[in-house]
Amino acid sequence: MSFLEKLGLGPKKHSSAPVIGEKKKKQEAASSFQNNMYIRVLIILGFLVVLFLSIPQPSFEDKVGYSIGEPWKAEDLTAPFTFAIQKSDEEIEQEKETIRQSTPPIFHREQNTLIATESKLDSLFDRMQPVLEAYHQWQQGAQSQSAGTKDSLNFIRKKNNANINLSDSAWNALLRNYRLTEVRGQRANTKTAPPAQFIGPHLRNNLGNIINDILQDGVINRPKDDLENSEITVRDLQKRTEQTFNTANVRDIPQASQYARYRLSQLYHEDILDPAIEIFNQVITPNLIYSADKTQAQIDEALANVSTTKGAVAQGQVIIRKGDLVTQEKYNILQSLAEARSQNISTTEQWLQYGGDVLSILAIVIIFFFYLYLYRRHIFMNNSMLLLVLLTMSMICVASSLVYQFNDISLYIIPVAVAPIILTIIFDSRVGILSTVTLALLVGLINSNNFEFVTATIVACCLGLFSVRDIKKRSQFFFTTPGIVFLSYAIVIIGFSMTALQGWNNLLNDLMFVAINAIFILFTYPLILLFEKTFKVTTDLTLIELSDTNLPLLKELMNKAPGTFHHSLQVANLAEAAAGAIRANGLLCRVAALYHDIGKMENPAYFAENQVAVNEHDKLKPRMSALVIKAHVSNGVKMAREHKLPELLIDFIKTHHGTSVIRFFYEKAKEQNDEEKDEIQKEDFKYDGPLPETKETGILMLADGVEAASRAMKEPNYQKLESLIDKMVDERVNEGQLSKTPLTFQDLSVIKETFLNILVGIYHSRVEYPDDEQPKDKKEKEASTPSDSLDKEFKKKDWEGRSQQSVSDYYNS
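These figures come from a predicted structure and were not determined experimentally.

### Notes on the overall build of the protein chain
Then, in step 1: Helix and strand content of the protein chain: 33 helices and eight strands.
Then, in step 2: A total of 813 residues make up the protein chain; the buried ones form 43% of that total.
Then, in step 3: Expressed as a percentage of contacts within the protein chain between residues at least 6 apart in sequence, the contacts between residues at least 24 apart total 78%.
Then, in step 4: Total accessible area computed for the protein chain in this model is approximately 44,400 Å², and 53% of it derives from carbon and sulfur atoms.

### A short note on the pairing of strand 4 (residues 231-236)
Then, in step 1: Examined bridge by bridge, strand 3 (residues 106-109) and strand 4 share three bridges and lie parallel to one another. What sits directly across from F107, in strand 4, is V234.
Then, in step 2: Sheet topology note: the strand 4/strand 5 (residues 241-246) ladder contains six bridges and is antiparallel. If you follow R235 over to strand 5, its bridge partner there is E242.
Then, in step 3: The loop that links strand 4 with its antiparallel partner strand 5 comprises four residues; one of these, R240, has a positive phi angle of about 55°.

### Quick word on the packing of aromatic side chains
Then, in step 1: Applying the stated rule across the entire model yields 17 aromatic pairs.
Then, in step 2: Centroid distance F368 to F369: 6.3 Å. Interplanar angle 55°. Geometry classified as tilted. There is no split in this pair, since F368 and F369 are both buried.
Then, in step 3: With a centroid separation of 6.3 Å and 45° between ring planes, the pair formed by F520 and F523 is classed as tilted.
Then, in step 4: Pairwise contacts between aromatic rings join F47, F368 and F369 into one cluster.
Then, in step 5: Across from the ring centre of Y290, 4.3 Å away, lies the NZ or CZ of R222, which sits over that ring.
Then, in step 6: Over the ring of Y259 we find R251; its NZ or CZ atom is 4.2 Å from the centre of that ring.

### Notes on helix 22 (residues 552-560)
Then, in step 1: Of all the residues in helix 22, the buried ones are L553, L554 and L557. Seen from one end, helix 22 has its buried residues packed into an arc of 95°, which puts them on one side. Those residues of helix 22 that are exposed and angled more than 90 degrees off the buried face are P552 and N559.
Then, in step 2: Check the buried side of helix 22 and you find it contacts helix 21 (540-546), helix 23 (562-581), helix 24 (586-595) and helix 25 (622-642).

### Some points on the sheet that holds strand 3
Then, in step 1: With mixed pairing, four strands are arranged side by side in an open sheet as 5-4-3-6. Only two strands of the sheet have a single neighbouring strand rather than two, namely strand 5 and strand 6 (288-290). Between one strand axis and the next, the sheet turns through 35° on average, direction left out of account.
Then, in step 2: Taken strand by strand, helix 10 (residues 292-304) contacts strand 3, strand 4 and strand 6, and its axis lies near 140° from that of strand 3.

### Brief notes about the environment of S429
Then, in step 1: Following the sequence through the fold, S429 ends up in helix 16 (residues 429-446).
Then, in step 2: When the C-alpha atoms of S429 and R469 are compared, they prove to be 6.2 Å apart, with 40 residues separating the residues in sequence.
Then, in step 3: For S429, the contacting residues outside a window of four places in its chain are T424, L465 and R469.

### Examining a nonpolar patch on the surface
Then, in step 1: On the surface, a cluster of nonpolar side chains totalling about 550 Å² of accessible area is made up of M37, Y38, V41, L42 and L45.
Then, in step 2: In this fold, V41 is placed in helix 2 (residues 37-54).
Then, in step 3: On the basis of relative accessibility, which here comes to 41%, the residue V41 falls in the partly exposed class.

### Describing the packing of helix 22 against helix 23
When two helices pack together, you describe them by how their axes are tilted relative to each other and by the distance separating the axes.
Then, in step 1: The interhelical angle for the contact between helix 22 and helix 23, taken along N-to-C directions, is 120°, at an axis separation of 5 Å. In terms of axis orientation, helix 22 runs oblique to helix 23. Residue-level inspection shows L554, L557, M558, N559 and K560 of helix 22 in contact with helix 23, the latter providing P562, T564, F565 and S568.
Then, in step 2: Here the residues of the contact of helix 22 with helix 23 sort into five nonpolar, three polar and one charged.

### So, the pattern of salt bridges
One side chain can pair with another of opposite charge once the charged atoms of both are near each other.
Then, in step 1: Within this structure, the stated rule accounts for 25 salt bridges.
Then, in step 2: Its salt-bridge partner being D217, residue R251 comes within 3.0 Å of it at the nearest N-O pair. Taken as a pair, R251 in the loop between strand 5 and helix 8 (253-265) and D217 in helix 7 (residues 199-217) lie far apart in primary sequence, 34 residues in all.
Then, in step 3: Judged by its relative accessible area of 35%, D217 falls in the partly exposed class.

About the cut-offs
Residues numbered from 1 in each chain as written. Predicted model: local features only at pLDDT ≥ 70, side-chain atom pairs only at ≥ 80, totals over all residues. Heavy atoms only, no water. Helix = DSSP H or I, 4+ residues; strand = E, 2+ residues; numbered from the N terminus. Buried < 20%, exposed > 50% of the residue type's maximum accessible area, 1.4 Å probe, protein only. Contact = heavy atoms within 4.5 Å. Areas by Shrake-Rupley, 256 points an atom, 1.4 Å probe, with all protein chains shown as cover. Pairing = 2+ DSSP bridges. Phe/Tyr/Trp six-rings, centres within 6.5 Å; stacked < 30°, edge-to-face > 60°. Lys NZ or Arg CZ within 6 Å of the ring centre and 35° of its normal. Arc of directions from axis to C-beta. Axes fitted to C-alpha atoms, helices over the stretch in contact; angles between N-to-C directions. Patch = residues over 30% accessible without salt bridge, like charges linked within 9 Å, V, L, I, M, F, W, Y side chains within 5 Å. Salt bridge = Lys/Arg side-chain N within 4 Å of Asp/Glu carboxyl O. Parallel < 35°, antiparallel > 145°, perpendicular 65-115°, else oblique. Nonpolar A, V, L, I, M, F, W, Y, C, P; charged D, E, K, R; others polar.

In structure tokens:
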């Protein structure tokens, strides 16, 4: 007894009926990839390494499993140590925005601005004087009617050269004032009154005083509307001082101009006020210069000093009690505790936590490996199939690890259902369900022990598997299965949301990611095609495609060998029905039956179902005829490989006759041997094999023989067909043709009954008309005798007594 059997973990012993061929197959060479134990160990170790690398970096922060608005499900939580309460991201961002808005902009005071402005003002009036004199000269000449044109041109030239940007109205006002004062001055020289003076010098002095007053307060070089703060910082680099001013105490250029107009309006009339303002606007220069670099540096310094904490929780203080709702404040405290633990975790604690995750992963995958070893041994012992299974599961685990790195992405986007669906289609639903549970537990473990995710994934994936158990159409991939997975996830998520009193935002967010998850299922179909080509497996999808009788190979069979094609269709019906009756793969049997005789296309006229009048075997000796008949098997294998049929179907072509004897030509050869005295070797009339090794290949052998024999029967009825089927099946059992298949006598009984029901339906009796009445003595001959009935009854009881015995044991005995 092995160690596993002592633990009660040995392979399950079926009590219903022992199977044929339970003996182990001979192991292949140690270098074979399929059965090499060392390669199998490497595959398993590689899978475990992928899982271990998928575990997130250990930290207490990873273990938070709560949301705002949910009740606290654990026991009362007290602070294990004193820790600071971290501000939320929103609070920190709001504080930073306040700093940006409240930090006053920095301006540098330029000490030389006043001197430069006064120089510009003096220069402007100096350049204005020649223009005024030229104008006076022109006007004086015009009155005396001498050289008027020359003086006007001189005036225009000097005005342009002065480069003083004044409006025409301003120039006219100043020129009139100057001309008037000059005329009055000339008249005053003949009288005792003092001469009148030009307004220019007086205006120059007043403008200088106003500019001095304005610059003393400060003029900034930015519009006040662009300033977001009510204060500015003024730095004097020469005096090394820094002052803060309210923006109401300084002026920008428009405000300075407005202030100057106010001052000048108290001194001059409107005709001089406008030129004075234009002159002011030309010479005024800001003396407070904005420094963007210094301002940003000050903001950055303030942002760097922003505190990420806001108070503390003392050791032993109750943080939250069982049943309390997790509010935003409580959530921040819980997050702060997790972060404090993460920062204070020691290397030993990190390795302990990582070791715990490793042990949990081992416990989960060991269950899955035990299932494969005990109940799906053909997968576990085949390295290619084991690699396919573990590679499919590894893709989901790696995807889960990548999604875990993004806090804004929900776990429900992980397409866990893809792997179980692939495994269900390639293998069976039980492997799919076990992989579902395994992946749900692994992904839940990687993602902070998320119980809701594990539950929703198991429910959704299992229901999705049931939709592809017997997949018949591609539309199931694009409509049915994604819809079932989405609805299943949605129902479970809504249930948990209602229980936890979650808000609509979280629910809608999860449902959005579930919808994306369902879309990923569409990629299952191309992945299956990739795995079929890579690992040489045949799924029901491929079989469905190959069952189309409009495919070129079957079309060729129908045209070249119509009798064989019709025979194949009948065998397909028999095999599919029999397989379904004993819960074998009916689709596989049907498709294999369609292709099992394609080799007859090489010489269709040598097979009875295709012969019309001439029998080609009449020209050949029995041994040669047997060679031609046997060749249809090897020819079929050759044609199947040329048309790239799956090896699974090629096995049916090889084994559908096993090593049975070509009885007709063997008996004919013996008859001729009695005349010619030649030695007859029975091996020359046997098919080359091999023997069938699966239920499906055994069913096809029986269906092929029964259908061919029933065609040769004259006037078939229920009794004749029943006897024929019994005889054919018994012969195959006694010859050992089924000794390597997992068929039981109970299966054979069901198969025979299925064959009989179908053939009776095909060869059903018709209504007898008077002209078709048979002689009474002939009907009596066809009636079964009492001895025949006794033989059938005895055989039936004998089979019932052997139903629990394996055919292989019966054959060996």
